[in-house]
Amino acid sequence: MLFKQPALLRQKLFVLGSLALGSLLYLVARVGSLERLQPICPVDNRAPPQSHEQIPLRTLQYKRGLLHELRRGNSTREQNLLHHLVQQLPRAIIIGVRKGGTRALLEMLNLHPAVVKASQEIHFFDNDKNYARGIDWYREKMPFSLPHQITIEKSPAYFITEEVPERIFKMNSSIKLLVIVREPTTRAISDYTQVLEGKERKNKTYHKFEKLAIDASTCEVNTKYKAVRTSIYTKHLERWLKYFPVEQFHIVDGDRLITDPLPELQLVEKFLNLPSRISQYNLYFNATRGFYCLRFNIVFNKCLAGSKGRTHPEVDPSVVAKLRKFFHPFNQKFYQITGRTFNWP
Ligand code: A3P
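Quick caveat, the model's predicted, so the values are computed rather than measured.

*Asks:* Give a description of a nonpolar patch on the surface that names residues and reports values.
*Replies:* Residues Y281, I298 and V299 make up a contiguous nonpolar surface patch of about 390 Å² in total accessible area. In this structure, I298 sits in the loop between β11 (291-295) and β12 (301-302). Classification of I298 as exposed rests on a relative accessible area of 78%.

This is the structure in structure tokens:
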């Protein structure tokens, strides 16, 4: 019957051929896009995954579902085995600064499909007891991820802890280091507010910020107060620069991350050699919270916990002015070293 109708046969063969060619082109395009996501540098010293360990080409929808669970830290044991998911050492660390917006930065970067966050602060390098547990302990604290993804952790205490730069250097001398900063006086007040809240929760009394920040005997800024010392960014950075070149650091503007996060995130994507994937769709302003919140997809969105974005106590303007004057020369040096300038007073 078919042979009697060669025109119809030719037509069917043409349709089948077009379908096969279309599928082939689609697969080539998908493989191409996966390749673009491959890391620039190796994850760590382990051998790169063999070809049979590469991500199988499953349906797009299924992969999206898996990525979604990975982002939430919810991948199942079966998914881990099936996809050869691995716990990788971080290739980038948010080393500080405390109250700079470290949580917001980590959560926002986690919107990127090639980034997986370590949800908890691990405190491996700043805590001697944890550090003594060894690198395998650290790796086991990491989330499961696909081989091409990069793991990021944040522990803001790293920035100010003496031993940390050398320890991180020993783990990976080419690691990328993210430092998110805010105007130093505001950061110090935010730091104070967090400690104050902790004291109040325990029904403990606490000094006013002014009393802690200013030395009553000299009427000068109290450089022994930790919240003040942490805001002298250049002092801490200089310690890090004994181990890492300045190019390995990226400075994030924590004040802009609050008001206009996308451009800051795009700069980080670039620094991490990631394709630009975080878009305005992923970030929406929530007027009730007064902050940007995160939209992963049509069903999953979230704002940061209420402990982020506390109301600061009012501080005597003369103390604020004194602190700003104190930080000024340190800020100038910080701009000079990092090549990033802020409009801090
Ligand atoms: P405040 O509580 O002083 O407002 P960290 O995570 O390093 O502790 O930083 C906390 C700060 O992150 C908060 O300080 C807040 O201002 C800032 N932040 C930046 N983006 C935010 C966001 N989208 N939601 C909540 N807080 C955010």
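Picking up where we left off.
*Asks:* I'd love a proper account of the environment of S307, names of residues and values included.
*Replies:* The topology assignment puts S307 in the loop between β12 and α15 (317-338). A C-alpha to C-alpha distance of 8.3 Å links S307 and Q194, two positions 113 residues apart in sequence.

*Asks:* Explain the packing of aromatic side chains residue by residue, including any values.
*Replies:* Enumeration over the complete set of coordinates arrives at 25 aromatic pairs. An angle of 50 degrees between the planes, with centres 5.7 Å apart, marks the rings of Y335 and W344 as tilted. Here Y335 and W344 have matching classes, each one buried. Every member of this aromatic cluster is reached through a ring pair, and the members are F124, F125, Y131, W137, Y138 and Y158. The lysine or arginine in question, R167, covers the ring of Y131, its NZ or CZ lying 4.2 Å from the ring centre. Its end group placed over the ring of F271, K176 keeps NZ or CZ at 5.2 Å from the ring centre.

*Asks:* Could you give me a rundown of unusual backbone geometry, with the residues and numbers involved?
*Replies:* Residue V97 is bonded to the preceding G96 through a cis peptide linkage, with omega at 5 degrees. Even without being a glycine, K99 presents a positive backbone phi close to 70 degrees. Phi at N203 takes a positive value of approximately 60 degrees, unusual for a residue other than glycine. If you trace the backbone, N203 turns up in the loop between α9 (184-201) and α10 (209-213). Take N203: its relative accessible area is 73%, and that puts it in the exposed class.

*Asks:* Requested: an account of the sheet that holds strand β6 (residues 176-181), with residues and values cited.
*Replies:* The strand order across the open sheet built from 5 strands is β3-β5-β2-β6-β9, with neighbouring strands paired in parallel fashion. Each edge of the open sheet carries a strand with a single partner, namely β3 (115-117) and β9 (249-253). Adjacent strand axes in the sheet meet at a mean angle of 25 degrees when their direction is disregarded. Relative to strand β5 (residues 150-154), β3 runs parallel, the two sharing 3 bridges.

*Asks:* I'd love a proper account of the pattern of salt bridges, names of residues and values included.
*Replies:* With the rule as written, the count across this model stands at 15 salt bridges. The salt bridge partner of R201 is E197, with a shortest N-O separation of 3.6 Å. Here R201 and its partner E197 are both found in helix α9, 4 residues apart, which amounts to about one turn of the helix. Look at R201 and you get exposed, because its relative accessible area is 61%. Residue class for E197 comes out partly exposed when judged on its relative accessible area of 29%. Here E264 makes a salt bridge to R256, at a shortest N to O gap of 3.0 Å.

*Asks:* I'd like a description of the nonpolar core, backed by residues and values.
*Replies:* Ranked by size, the top nonpolar core spans 30 residues in total, and within it I95, Y138, Y158, I168 and W240 carry the most contacts. Elements represented by at least two residues in this core include exactly β2 (92-96), α6 (135-140), α7 (157-160), α8 (164-171), β6, α12 (233-240), β9 and α15. Core analysis: the next-biggest nonpolar cluster, separate from the first, contains 29 residues, A104, L105, L178 and I278 among them.

*Asks:* An account of the sheet that holds β12 is needed here, citing residue identities and associated values.
*Replies:* The 3 strands lie next to each other as β10-β11-β12, forming an open sheet whose pairing is antiparallel. The open sheet terminates on both sides in strands that have one partner only, identified here as β10 (283-286) and β12.

*Asks:* So what's going on with helix α14 (residues 261-271)? Which residues, and what values?
*Replies:* Restricting attention to buried positions, one finds in α14 the residues P261, L262, E264, L265, V268, E269 and F271. Taken together, the buried residues of α14 touch α4 (102-109), β6, β9, α13 (254-259), β10 and β11. Looking one or two residues beyond α14, the residue adopting positive phi is N273, at roughly 60 degrees.

*Asks:* Which residues make up the packing of α4 against α14, and what values go with them?
*Replies:* Each pair of packed helices can be described by the angle between their axes along with the distance between the axes. Look at α4 against α14: their axes get within 11 Å of each other, and the N-to-C directions meet at 70 degrees. In terms of axis orientation, α4 runs roughly perpendicular to α14. The handedness of the crossing between α4 and α14 comes out as right-handed. From α4, L105, M108 and L109 reach across to α14, where they touch P261, L265 and V268.

*Asks:* Explain α12 residue by residue, including any values.
*Replies:* Where burial is concerned, most of α12 is hidden: 6 out of the 8 residues are buried. Those residues of α12 lying buried are Y233, T234, H236, L237, R239 and W240.

*Asks:* A description of the site of the ligand should follow, citing residues and the corresponding values.
*Replies:* Taken together, 18 residues surround the ligand, and among them T102, S190, Y292, K308 and H312 come closest. Residue G100 places a main-chain N or O atom 3.4 Å away from an oxygen atom belonging to the ligand. Between the ligand and H312, the relevant distance is 2.6 Å, taken from an oxygen atom to a side-chain nitrogen or oxygen of the residue. When the free accessible area of the ligand is taken as 570 Å², the share hidden by the protein chains comes to 97%. Per-element accounting of the shell around the ligand gives the leading share, 4 residues, to α4. Residues that form the shell around the ligand fall into these classes: 6 nonpolar, 6 polar and 6 charged.

Parameters and conventions
- Residues numbered from 1 in each chain as written.
- Predicted model: local features only at pLDDT ≥ 70, side-chain atom pairs only at ≥ 80, totals over all residues.
- Heavy atoms only, no water.
- Patch = residues over 30% accessible without salt bridge, like charges linked within 9 Å, V, L, I, M, F, W, Y side chains within 5 Å.
- Areas by Shrake-Rupley, 256 points an atom, 1.4 Å probe, with all protein chains shown as cover.
- Salt bridge = Lys/Arg side-chain N within 4 Å of Asp/Glu carboxyl O.
- Helix = DSSP H or I, 4+ residues; strand = E, 2+ residues; numbered from the N terminus.
- Buried < 20%, exposed > 50% of the residue type's maximum accessible area, 1.4 Å probe, protein only.
- Phe/Tyr/Trp six-rings, centres within 6.5 Å; stacked < 30°, edge-to-face > 60°.
- Lys NZ or Arg CZ within 6 Å of the ring centre and 35° of its normal.
- Pairing = 2+ DSSP bridges.
- Axes fitted to C-alpha atoms, helices over the stretch in contact; angles between N-to-C directions.
- Core = buried A, V, L, I, M, F, W, Y, C linked by side-chain atoms within 4.5 Å.
- Contact = heavy atoms within 4.5 Å.
- Parallel < 35°, antiparallel > 145°, perpendicular 65-115°, else oblique.
- Left-handed = near helix turned anticlockwise from the far one by under 90°.
- Near = heavy atom within 4 Å.
- Polar contact = N/O pair within 3.5 Å; in protein donor to acceptor, adjacent residues only side chain to side chain.
- Nonpolar A, V, L, I, M, F, W, Y, C, P; charged D, E, K, R; others polar.

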